[in-house]
Amino acid sequence: MVLKKKKEIQVDAFFLDHRQLEKLQRFSKAEEQNLASLLLHCAQLSNGIQQIQCIKQIMPLVKTMDQMSACNPMAKACFDILGEVYFSLGAKNPLKKVLASSLNSLPEEFMAMALKSFVCCLREELKTTDIYLYRKVLDNLACCMEDFSLGRASVKNLFEEVLQFLQKSLLGIREENRKNHGNCIVQTQLMHDLLIAIKVSMTIVQKLQENIQGSLWKHNESFVWQSMCSLLRSSTNFLMDATLLQTVQTTSGLAVILFTKAMYEPAEELPSLVSDLLLGSMKHAGVPSWFVSICGSLCTEELPDSVLLFLCHGALAMLEWKNGSMCENGEKLLLDIASVLLSLSSELKDSSMATSLARVLAIWTNSALAALVSGSPNLKIKLNGNSDIIGKLLEYIYTHWEHPLDAVRHQTKLIFKNLLQIHRNTITGCNERSDPFFARLMKHLLSLEWHVKGKYASLGCLVECVGTENILQLDRTIPVQILDVMNDQSLAPYASDLLETMFTNHKAHFTLSVQESTWIDQWHDIWVSPLLVILCEGNHDQTTYIIDYYLPKLLKCSPDSLSYMIRILQASADANLGSRNTRGALGALMACLRTARAHGHLELSNIMSNGLISTECIKQGLVHQHNQVCIDALGLLCETHRSTEIVSMEEMQLIQFFMMYNLNNQSPSVRQQICSLLRKLFCRIQESSQVLYKLEQNKTKQGLLEDSTKRHPLGILQQYKVFMSSVCDRLFEVLFPGSSHSTRFSVLTILGSIAEIFSVPKGQAQVFQLDQEIDSTRVRTLIQCFASTFEEVKALAFGLLMKLRDVAFNLQDSESVDLLFQAAVDLSTSTKPYDCVTASYLLNFLVYHKGLQHICLRRWVKHNPQIDENTSVSTVEKNTLAVLKLLLVNVEEEIFQAKKSLLQAAASFPMYGRVHCITGALQQLPFK
């Protein structure tokens, strides 16, 4: 387990200008802390986090002030500055939210003074004339309306001025967008500003209804009325403008319905107006003249499909569908919206519009559910599963449940789920199991081929509605059929999700309806036994996908079923050991145990001590002729859900047994899995050893050791050390000259993991260190790996030697280094490419040796003025320069001026071998 470093939160600090600082200094007191001195101290902090802590002290200090301070000039000055600070901060700055939260608990006696200051600051904000600064003002208005009582009161006090600014911003931003036609960057920014302006307008109209209702209809010439007309006109224009972003049009559809709702009288006639708009049957005689003059473009007989979609969305989102508040007109509108949306499904083919349509249809099903709670009998008939609307919705679902877009598929599933609930709410006098609609739906879905992906999610929804038992009564082989589908990876996730829904629902049904505990046997027969048969005899792909997708979910639902699996599989393990092509009962057992342990359902020591599983059984798995069974058995030992779980003696002995037979596996993928699992084991040893060291240091915490071990921490640590030493012995034992490529790959990869995992951090005790296991013979063994014809073996050996560089050089005398260097130079002249690569690795390794420079100088170089023993150049640089000087006899001294010129010279050098060595050596030089 790797602990991620917690990301530090960055908060931009605020700063006060000279005038503000002077004002605070005038009122601050050095001898005691008052509000002015606290704000002055806060302003002088350059860290935003510290300023947050300081702001949190404001309210406790204000609450200690007496009532006379409410008219104190010092308090007024402080609230003026707090208002200026609040409106200067960015919308996403945490300081803004902290300040608002603090001011929400302002004592009542200071509220009037603070409100006056904030109103003054907001008024200044609303005077902004620069279109590109409108966004800052809009963000401030949005923040004021969001859980900030003082901000909301300020907006309410300046309601007319706020409406005026919103009109100005909507018109100004749109005009600026028109002027910048073709400038995509500027237009994109303006589009987002326009979107925010519409949203802020909606928020203010929604949350300050009383400001509108008080003066709207009494005086149609009032400023508020005219402002609302302007907002509605702008929203209508945006809705009809196909050149704007779709999000702007969608939000404008919401705004049109919201603003109309706020202005329209009588309210009960509003659904009829919206129905007429959607159906294109608007009769101007019955519509207020103000609406026709403002929204005339919406009153045409045929609106664009996208506009219809956005208006439907607006009606569903902005009108109230609960508690029967829409009455008969509302119910008709609900049905009309469904008809319009379903007619659009064949027209809107664009991916973004198809996604929007699916989302709006899902919203419609939610609204229908809300309306049915208190709806009329007529509505229930119109929304029954046998009705035309539900039939067309089902057609939409069948058409779109395998749509290429994830979003459409997700919404289609939600529509189907809600559709079932809609029908359930219309049923009277019968339950789901006897209902004809559900019966027909079940038969239809089950009759479809299993390759239809939409079938799985829909069946899952149906299971939740009618229950698994009701479906199994139609066909008891359904679980087996679904498991058979899982040999296809594209279907396996869908199938496993459906199976999980079914067996979870089935178990809940049994626990509620059956008193005796005998139901578990029936449940096992249906859901577990078919699984075990396939694990034993199924093909590799099918068993793999079942283990990955299905088995973890089954064990999560019923962890106790593991004992049943063990009992059944062990009973036939001796007779069904499996083969190279099938896992057999033994392989199935290893897979179940591994999965259970990895997900925390199994303590290996417990089942071994209880006799549920024997050491011999695991050993059989570790040497099984089916590669995956070996991997599962190894995974059982190495994988656990707790990275600090202590490794038992039995596990260590079994790992040693495994390494005797499996380091020479011929399958690359199996070798990689072996190395990966052993790495997990070594990480567990390392992390649990750190826990043991801490327990040893503080013996009062001995009780924290898990119950599975009663050994002394030092005893366990010693066993870890002996085990790791024996592992290294085994690895070096098989790493002899002439050993196979597969063995060398496995051994070098495992040794590399050990060297990396057990490296010694400063000040930390370490249970094992690989360099203590290294002697001169083992260093020579690793160097001999450079002679391998496989590049990956050379690379692994080089990487390992680099980790063990210091101890490796200490174990080599000068004569050995001399011989190695001579061999490298000789190999560099070879015409065989792999010899040249070997020379390159040898030279790249030897340049780190302190004595290499002297060997070069003594043998081939009479004098090298570029190398000064007294300079501060590193050993690696000196050695590399010396090697290059030796190899580049005929190259000008200017070759050392730049890496680029060195590589060009090396590329033109006539001898391939030396060019390869030079190129490798160049990588060590830190040229600028």
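Bear in mind the structure is a predicted one, so any value in this text is a computation, not a measurement.

1. As for the overall build of the protein
At step 1: A tally of regular secondary structure across the protein gives 48 helices and 0 strands.
At step 2: By residue count, 53% of the 928 residues in the protein fall in the buried class.
At step 3: Sequence separation of 24 or more characterises 72% of the internal contacts of the protein that already satisfy a separation of 6 or more.
At step 4: Taken as a whole, the protein presents about 43100 Å² of accessible surface, with 52% of it coming from carbon and sulfur.

2. Some words on the packing of helix α29 (residues 529-537) against helix α31 (residues 561-573)
At step 1: For the pair α29 and α31, interaxial distance at closest approach is 11 Å and the crossing angle is 45 degrees. Taken as axis vectors, α29 and α31 run oblique relative to one another. Of the two possible hands of crossing, α29 and α31 adopt the one that is right-handed. Each of Ser529, Leu531, Leu532 and Cys536 in α29 lies in contact with α31, whose residues at this interface are Tyr564, Met565, Ile568 and Leu569.
At step 2: Each residue belonging to the contact of α29 with α31 can be placed in one class, and the counts come to 7 nonpolar, 1 polar and no charged.

3. Thoughts on the pattern of salt bridges
At step 1: Tallied over the full model, the rule gives 27 salt bridges.
At step 2: Close ionic contact of Asp80 with Lys76 constitutes a salt bridge, the shortest N to O distance being 3.0 Å. One end of the pair, Asp80, and the other, Lys76, are both in helix α5 (residues 73-88), 4 residues apart, so they sit about a helical turn from each other.
At step 3: You can call Asp80 buried: its relative accessible area is 15%.
At step 4: Residue Asp193 is joined to Arg135 by a salt bridge in which the shortest nitrogen-to-oxygen separation is 3.1 Å.

4. Observations regarding helix α17 (residues 305-318)
At step 1: Taking 1.5 Å of rise per residue, 14 residues should cover 20 Å, and α17 covers 20 Å from first to last C-alpha, within 8% of that figure.
At step 2: By the criterion of burial, α17 is predominantly enclosed, with 11 of the 14 residues buried.
At step 3: When we look at burial in α17, the residues that qualify are Val307, Leu308, Leu309, Phe310, Leu311, Cys312, His313, Gly314, Ala315, Leu316 and Met318.
At step 4: Considering only its buried residues, α17 is in contact with α11 (184-207), α13 (223-240), α14 (246-263), α15 (270-279), α18 (327-344) and α19 (351-373).

5. Here we look at the side chain of Glu125
At step 1: Within the secondary structure, Glu125 sits in helix α7 (residues 108-126).
At step 2: The exposure class of Glu125 is buried, given its relative accessible area of 14%.
At step 3: Those residues in contact with Glu125 that sit more than four places away from it in its chain are Phe87, Lys136, Val137 and Asn140.

6. Things to note about the nonpolar core
At step 1: Among the nonpolar cores identified, the biggest contains 303 residues, and Trp364 and Ile754 are the most heavily contacted of them.
At step 2: Apart from residues no more than four positions distant in its own chain, Trp364 is found in contact with Leu316, Leu334, Ile337, Ala338, Leu341, Leu383, Ile389, Leu393 and Ile422.

Parameters and conventions
- Residues numbered from 1 in each chain as written.
- Predicted model: local features only at pLDDT ≥ 70, side-chain atom pairs only at ≥ 80, totals over all residues.
- Heavy atoms only, no water.
- Helix = DSSP H or I, 4+ residues; strand = E, 2+ residues; numbered from the N terminus.
- Buried < 20%, exposed > 50% of the residue type's maximum accessible area, 1.4 Å probe, protein only.
- Contact = heavy atoms within 4.5 Å.
- Areas by Shrake-Rupley, 256 points an atom, 1.4 Å probe, with all protein chains shown as cover.
- Axes fitted to C-alpha atoms, helices over the stretch in contact; angles between N-to-C directions.
- Parallel < 35°, antiparallel > 145°, perpendicular 65-115°, else oblique.
- Left-handed = near helix turned anticlockwise from the far one by under 90°.
- Nonpolar A, V, L, I, M, F, W, Y, C, P; charged D, E, K, R; others polar.
- Salt bridge = Lys/Arg side-chain N within 4 Å of Asp/Glu carboxyl O.
- Expected span 1.5 Å × (residues − 1).
- Core = buried A, V, L, I, M, F, W, Y, C linked by side-chain atoms within 4.5 Å.

On their own, these measurements won't tell you what the molecule is for.
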